[in-house]
Amino acid sequence: MDIMDILGGLMQAKAAPSASRRIQNVFGASEEDMQSSGGSEGFGIEDLLGGLLGAGKTSGTAGGGMLEQILNQVGDAVGGKKNLAVGGLSALLGSILGGGKSAATGALGGGLMALLAAMAMNALQNSGKSTGKVPVGLLAPETEEQQRDLQSGAELVVAAMINAAKSDGRIDKEEYGNITGKLQKAGVSKDDMYYIIEELQKPMNTESIIRAGRKSPELAAQIYAATLMTIEVDTQAERAYVRELASGMGLTRDVVRNIEQMVGMQQV
């Protein structure tokens, strides 16, 4: 089982239709950027990300939205943006915008972890709740211990996304078929695909997600952000679920509000 492949495949297969728009909001990508990203000439995904990191030819123009502010802020806390694990962000941006070269699901998983980590750190800092710890996924792992932490963090995010998908109780045979088809298209291995389907068929296990989130404000914030990427939060059941999750993990209203604002979501 490759948890990064599973995370990347799950993002493509089960992310809420609004997830792309929400991630686009964090990236600061406009409709013009999205159209340009699919072209073979002119402005492209590399230019967008280059602008965000201050290294591309379009720096200071497109891509200079919320993510640039987030990366600037969290970069200061880790000794500069050069230290951030941004390699997967290009793959993630390309997948969300629908242009550029195809990326391995593992790269997408790493990009999603980096994005969630940056959002979590930013939300905690802006709310005065930062513990000084760096969320898993924000820095490229250099030791076996850091690699294990990243793996366990990704496993928790996967569990949170799958649990959130069950929150409105409407995963039927048609949806399973849709998920399976998208996982196959994403190139997820059969073993990893079966793992996701089996987990989707199990009962909800919200308490285990909450217990894990209570151990670390950083992981709790990542879990909440990942949850908002997975479901629409447009039913009473989903609204009740995200409130229960945030409250149970001990996220303050300010942290929750910061995350919801980052993804361009109305308060729930």
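The preceding data block contains the structure.
Rules of the game
Residues numbered from 1 in each chain as written. Predicted model: local features only at pLDDT ≥ 70, side-chain atom pairs only at ≥ 80, totals over all residues. Heavy atoms only, no water. Axes fitted to C-alpha atoms, helices over the stretch in contact; angles between N-to-C directions. Helix = DSSP H or I, 4+ residues; strand = E, 2+ residues; numbered from the N terminus. Left-handed = near helix turned anticlockwise from the far one by under 90°. Contact = heavy atoms within 4.5 Å. Nonpolar A, V, L, I, M, F, W, Y, C, P; charged D, E, K, R; others polar. Core = buried A, V, L, I, M, F, W, Y, C linked by side-chain atoms within 4.5 Å. Buried < 20%, exposed > 50% of the residue type's maximum accessible area, 1.4 Å probe, protein only. Parallel < 35°, antiparallel > 145°, perpendicular 65-115°, else oblique. 1 Å grid on protein atoms, 1.4 Å probe; cavity = no way out; pocket = protein on both sides within 12 Å on 5 of 7 lines; lining within 4 Å. Points joined across faces, edges and corners; volume = space filled by probe spheres on them.

Chemist: Lay out the packing of helix 8 (residues 144-165) against helix 11 (residues 206-214) in plain terms, naming residues and giving numbers.
Modeler: A pair of packed helices can be characterised by two numbers: the angle between their axes and the separation between those axes. For the pair helix 8 and helix 11, interaxial distance at closest approach is 10 Å and the crossing angle is 145°. The handedness of the crossing between helix 8 and helix 11 comes out as left-handed. Seen from helix 8, the contacting residues are L156, A159, A160 and N163; seen from helix 11, they are T206, I209 and A212. Looking at the contact of helix 8 with helix 11 residue by residue, the class counts come to five nonpolar, two polar and no charged.

Chemist: An account of the nonpolar core is needed here, citing residue identities and associated values.
Modeler: Counting 71 residues, the largest nonpolar core has L7, L200, Y224 and I259 as the members making the most contacts within it. Per element, the largest residue contribution to this core is twelve residues, and it comes from helix 7 (residues 105-126). In this view, L200 contacts I162, A165, K166, I171, Y176 and I179; residues no more than four positions away in its chain are not counted.

Chemist: Describe the environment of M119, listing the residues and the values that go with them.
Modeler: With respect to the helices and strands, M119 occurs in helix 7. As a C-alpha pair, M119 and V74 span 45 residues in sequence and 9.0 Å in three-dimensional space.

Chemist: Tell me about the packing of helix 8 against helix 12 (residues 217-230), residues and numbers included.
Modeler: Look at helix 8 against helix 12: their axes get within 9 Å of each other, and the N-to-C directions meet at 40°. Between helix 8 and helix 12, the angle falls in the class oblique. In this structure, helix 8 crosses over helix 12, and the sense of that crossing is right-handed. The segment helix 8 lies against helix 12, with G153, L156, V157, A160, M161, A164 and A165 engaging L219, I223, A226, T227 and T230. Here the residues of the contact of helix 8 with helix 12 sort into nine nonpolar, three polar and no charged.

Chemist: Tell me about the layout of surface pockets, residues and numbers included.
Modeler: There is about 460 Å³ of room inside the largest pocket. In terms of lining residues, the largest pocket is bounded by 20 residues, among which V134, P135, V136, Q146 and D149 are the most central. Elements with a contribution of two residues or more to the lining of the largest pocket: helix 8 and helix 12. Per element, the largest residue contribution to the lining of the largest pocket is six residues, and it comes from helix 8. In terms of residue class, the lining of the largest pocket is made up of nine nonpolar, seven polar and four charged.

On their own, these measurements won't tell you what the molecule is for.
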